[in-house]
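Analysis of the macromolecular model
Residue strings, one per chain:
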Amino acid sequence: MAAKVQYDAVEVGQELPSADYQVRRVNLVMYAGASGDLNPIHWNERFAKQVGLPDVIAHGMFTMAQAGRYVTDWAGDPGAVVDYGVRFSAMVVVPDDDQGATITVSGVVEEKLEDKRVVVALTARSGDAKVLSRARAVVQLA
């Protein structure tokens, strides 16, 4: 598989369309099982509140994965992401209802590098909170 986005077709400052990712409790339970992170703050409302959280919260790495998914969907190839890093800046609170929470991810081409690589700066929000900061991906384009 190769990236579908052409290096010559992107410019520094180009904004990428945003995408919404729904997060429900069932997603967190599935992620807990797959990742081995069974901390009850990610699935047990009573426990989460006992330790001072407003409600169940998404795993930080789950949130990071949604932003990574955003980049790979844009590039058209999961292997196109050659470097990726974030800092966690706020929690994604996931209520126990049919809506859950929404993580909205957007990006902007921050820099064009040699060898057809670009740096994409990412913004991830849930509600009014910026949940990732310093989120950057280096992407190998076609």
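Each remark here, short or long, concerns the structure printed above.
The paragraphs below set out a description of the structure included in this document.

Conventions we followed
Residues numbered from 1 in each chain as written. Predicted model: local features only at pLDDT ≥ 70, side-chain atom pairs only at ≥ 80, totals over all residues. Heavy atoms only, no water. Buried < 20%, exposed > 50% of the residue type's maximum accessible area, 1.4 Å probe, protein only. Helix = DSSP H or I, 4+ residues; strand = E, 2+ residues; numbered from the N terminus. Arc of directions from axis to C-beta. Contact = heavy atoms within 4.5 Å. Patch = residues over 30% accessible without salt bridge, like charges linked within 9 Å, V, L, I, M, F, W, Y side chains within 5 Å. Areas by Shrake-Rupley, 256 points an atom, 1.4 Å probe, with all protein chains shown as cover. Salt bridge = Lys/Arg side-chain N within 4 Å of Asp/Glu carboxyl O. Core = buried A, V, L, I, M, F, W, Y, C linked by side-chain atoms within 4.5 Å.

1. Brief notes about helix 1 (residues 25-35)
By the burial criterion, the buried members of helix 1 are Arg25, Leu28 and Ala32. For helix 1, the angular spread of buried residues about the axis comes to 55 degrees, placing them on one side. Exposed residues lying more than 90 degrees from the buried face of helix 1 are Val26, Met30, Gly33 and Ala34. Each element contacted by the buried residues of helix 1 is listed here: strand 1 (15-23), helix 2 (45-50) and helix 3 (60-75).

2. What to know about a nonpolar patch on the surface
On the surface, Val29, Leu38 and Trp43 cluster together to form a nonpolar patch covering roughly 310 Å² of accessible area. Note that Leu38 resides in the loop between helix 1 and helix 2.

3. Quick word on the pattern of salt bridges
Per the counting criterion, the structure on display carries four salt bridges. Here Lys49 ties to Glu45 by a salt bridge, and the two come within 3.1 Å at their closest N and O atoms. With Lys49 and Glu45 both in helix 2 and four residues apart, this pair spans about one turn of that helix. The exposure class of Glu45 is partly exposed, given its relative accessible area of 28%. Each of Arg25, Glu45, Lys49 and Asp55 takes part in salt bridges that share partners, so that together they form one network.

4. What to know about the side chain of Arg25
Among the secondary structure elements, Arg25 is positioned in helix 1. A relative accessible area of 13% means that Arg25 is categorised as buried. Setting aside its immediate chain neighbours within four residues, Arg25 contacts Trp43, Glu45, Asp55, Val56, Val94, Pro95 and Asp96.

5. Observations regarding the nonpolar core
With 35 residues, the main nonpolar core has Trp74, Val105, Val118, Leu122, Val139 and Leu141 as its most contacted residues. By residue number, the principal contributor to this core is helix 3, which donates seven residues. The residues touching Val105, leaving out its near neighbours within four places in the chain, are Pro17, Ser18, Ala19, Tyr21, Gln66, Ala67, Tyr70, Leu122, Thr123 and Ala124.

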